[in-house]
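# Notes for the structure review
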Amino acid sequence: MSTGVKRETLIIGAPASLWLVVLLVIPCLFLLFQSLTPLSGTGLSLENYENLVESGTFQKALRRSIIVSVWVTVLTVLAGYPIALVASRASPRVRTLVMVIVIFPFLLSAVVRAYGWTVILGENGVVNDFLIGIGLIAEPLRLIQNTFAIIIGETHVLLPYMVLSLLTVIQRIDRNLEAAAMSLGASPPVIFFKVVVPLTLPGLLTGMLLVFSLSMTAFATPFLLGGPRSPILTVLMYQYAYTLFDWSKATAVAGVLLVLGLGFVILHRFVSRRLMRDAEAGR
Amino acid sequence: MTYQVTEKLWEKPLIALGRVFLWGSVCFWLVFVLAPVVVTIVSSFTAAEFLTFPPKGFSLRWYFRVMELDWFLTSLQTSLIVATVSTFIATVFAVLAARVLTRHRFRAKGAFEILMLSPLIIPGVVFGFAFFNVVLQFRLEGLSLLNLFVAHSVVTIPLMLRPIWSSMAGTELSLEEAAQSLGATPWTTFWKITFPMILPGIVAGAIIAFTFSFNDITIAIFLVGPETQTLPVQLMSQIEYTPDASPAAITSIIIFFTLILFFIIDRTVGMDVFAQK
């Protein structure tokens, strides 16, 4: 068996492999290749990337991507932690209800969510109507087509990922540890911060990495809620490719996104393996 | 078992406060999650000419209105065709790949697994652009329906693979071996023994892949043509110019069908399929 791949394996495995290599891997490599071949010269060079990094538009978009992702990560932790805690400790009925509400949006289209947020945050939306109604503001606030709207929308999209990665670690906590701490005289707040929180750190860390990386590479929601004037990296790439036809910049942004995406996956794998090993070693 | 709890007096209000804070924040965030969905559904029943929340009056007029909208009906048809065909292609590849991953042993298995999951690793928008780039190189942009089938089948393979893989890993190899030793051909063994056992995984995977394709904007935005607009892309461009409640009615219809599919998944394999990322 170690001398090579068996014929049956080859017959069954080849179609899917070929499909993905030809339609996904090669197009992405071709895009990378294009990003390294500037229009002016021949041969490979980093010229496209140098031009990109120098442009103010790119710097602004990169900064916006990072700001959005940091906020989304913080907000999903603030929201996800209590939800995961309640879902793991509440009665089965409450637990099911919470999980249905949290997980159902997984299947919701970005357009559907974005439309909902427009109804809520738009110029004549629910929030502005309310604030004007109680006399707090005279003119409607601009809550949509800006970075704020992207943060809200992406938090909504990525919250389930955070809840699920926290839930896996919270459910694994041995309840005897808490009972032991209690029998030794620790009060609930002490148990929570000294026993529960440290045990959930692996899930918290991997969840944060996952949410941050998905937020850095998300397109649909930032495109719909951010508008053309506040692009994050992915939206900037689309604008270069589709509206400005600046292929050398578009391919360079794609290269940056590809490296970011791969980098986060490798980091995520490394961190989660490391944490699992530490957890099993009982540290 | 009872434990001796040494509670200090000052801790009692603190614990109560913590509990109130915990439940308060959970309620707040659950409202946050539900808000865009609920607001859209409620405002779709407005009787007024323009979309308002809370709605003025109650009527189903916008639901009747959208049934007469040409762009809605044609793009819905396109989306349904694209989602069905791409899900079918992805199902075939995912079943084959799951079989390789559960029943075969070979050296490059790790590489094979990474390749099968690579559509999850590469950002969707980069794949959309890369695919579009190749389509332009070969001047195939006129075949947008075919491009959508193919591109969506690529990205949905890993989404389907996970539930099928786990249901295949849970099946008994001995049943297949028994069938084979009794003289069944591999083909018969697959359809009579393996397929029924992995069917729940296929159903769940197909629902996830179908909704992904049906909802997708990120990839479709690069590939749609003037004649083949998918529903989300078309809806996106129509919303800007539509102040009435017809987009609300359309999104409510989508939400309704999404809910049905969600509960089918919940009944067949459970919500845990979403936990594997």
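Quick caveat, the model's predicted, so the values are computed rather than measured.

The rules behind these values
- Here the residue numbers are simple positions, counted from 1 along each chain's written sequence.
- Here chains are named by letter from A upward and ligands by number from 1 upward, in the order in which they appear as written.
- In keeping with the predicted nature of the model, local features appear solely for residues at pLDDT of at least 70, side-chain atom pairs appear and are counted solely at 80 or more, and the whole-chain, interface and lining totals rest on all residues.
- Derived side-chain values reflect all non-hydrogen atoms in the structure, with water molecules and hydrogen atoms excluded from consideration.
- Counting from the N terminus, the helices are DSSP H or I runs at least four residues long and the strands are E runs at least two residues long.
- Computation of the radius of gyration draws on C-alpha atoms alone. For the globule rule, the value is 2.2 Å times the number of residues to the power 0.38.
- A 1.4 Å probe rolled over the protein chains alone gives each residue an accessible area, and that area as a share of the maximum for its type sets the label: buried under 20%, exposed over 50%, partly exposed in between.
- The criterion used for residue contact is that any of the two residues' heavy atoms lie within 4.5 Å.
- Values of accessible area rely on a 1.4 Å probe in the Shrake-Rupley scheme; residue burial ignores everything except the protein chains shown.
- His residues and chain termini do not enter the charge count, which takes Lys and Arg as positive and Asp and Glu as negative.
- By convention, the point assigned to a charge is CZ for Arg, NZ for Lys, CD for Glu and CG for Asp.
- UniProt positions are given in the numbering used here, feature names are shortened, and annotations may be inferred rather than shown by experiment.
- Confidence of the prediction at every residue is given by pLDDT, a number between 0 and 100.

All right, on to the overall build of chain A then. The secondary structure content of chain A amounts to 12 helices and 0 strands. Reading chain A from its N end, one meets helices and strands in the order α-α-α-α-α-α-α-α-α-α-α-α. The C-alpha radius of gyration of chain A comes to 24 Å, more than 25% above the 19 Å expected for a compact globule of 283 residues. Overall size of chain A, expressed as C-alpha extent along the three principal axes, is 75 × 75 × 35 Å. Taken over 283 residues, chain A has a buried fraction of 52%.

The next point concerns the overall build of chain B. Along its length, chain B carries 11 helices and 0 strands. For chain B, the N- to C-terminal ordering of α and β elements is α-α-α-α-α-α-α-α-α-α-α. In terms of overall dimensions, chain B is more spread out than a globule: its C-alpha atoms have a radius of gyration of 24 Å, far above the 19 Å expected for 277 residues. Expressed as a percentage of contacts within chain B between residues at least 6 apart in sequence, the contacts between residues at least 24 apart total 69%. About 13500 Å² of surface is accessible on chain B, with carbon and sulfur atoms providing 69% of the total. For chain B, the separation between the mean place of its 16 positive charges and that of its 16 negative charges on side chains is 9 Å.

This part covers the UniProt feature "transmembrane region" (unreviewed entry) in chain A. All names here are of chain A. Within this numbering scheme, the UniProt entry marks residues 12-33, 66-85, 97-116, 148-170, 191-224 and 244-267 as carrying the feature "transmembrane region" (unreviewed entry). For residues 12-33, the end-to-end C-alpha separation is 31 Å, with 100% helix and 0% strand making up the annotated structure. Taken end to end, residues 244-267 has its terminal C-alpha atoms 34 Å apart, with 88% of it in helix and 0% in strand.

On average, residues of chain B carry a pLDDT of 87, and 96% of them reach 70 or more. Ranking the elements of chain B by mean pLDDT puts helix H7 (residues 173-181) of chain B last, at 83, and helix H5 (residues 124-137) of chain B first, at 94.

The next subject is the UniProt feature "domain: ABC transmembrane type-1" (unreviewed entry) in chain A. Sequence positions flagged by UniProt for "domain: ABC transmembrane type-1" (unreviewed entry) are, in local numbering, residues 62-268 of chain A. As annotated, residues 62-268 of chain A has a helix share of 79% and a strand share of 0%, and its two end C-alpha atoms lie 21 Å apart.

For the rest of this paragraph, the subject is unusual backbone geometry. Even without being glycine, Phe245 of chain A reaches a positive phi, approximately 50 degrees. On the secondary structure map, Phe245 of chain A appears in the loop between helix H11 (233-243) and helix H12 (247-280). Exposure remark for Phe245 of chain A: the relative accessible area of 63% places this residue in the exposed category. Residue Arg139 of chain B is not a glycine yet carries a positive backbone phi of 55 degrees.

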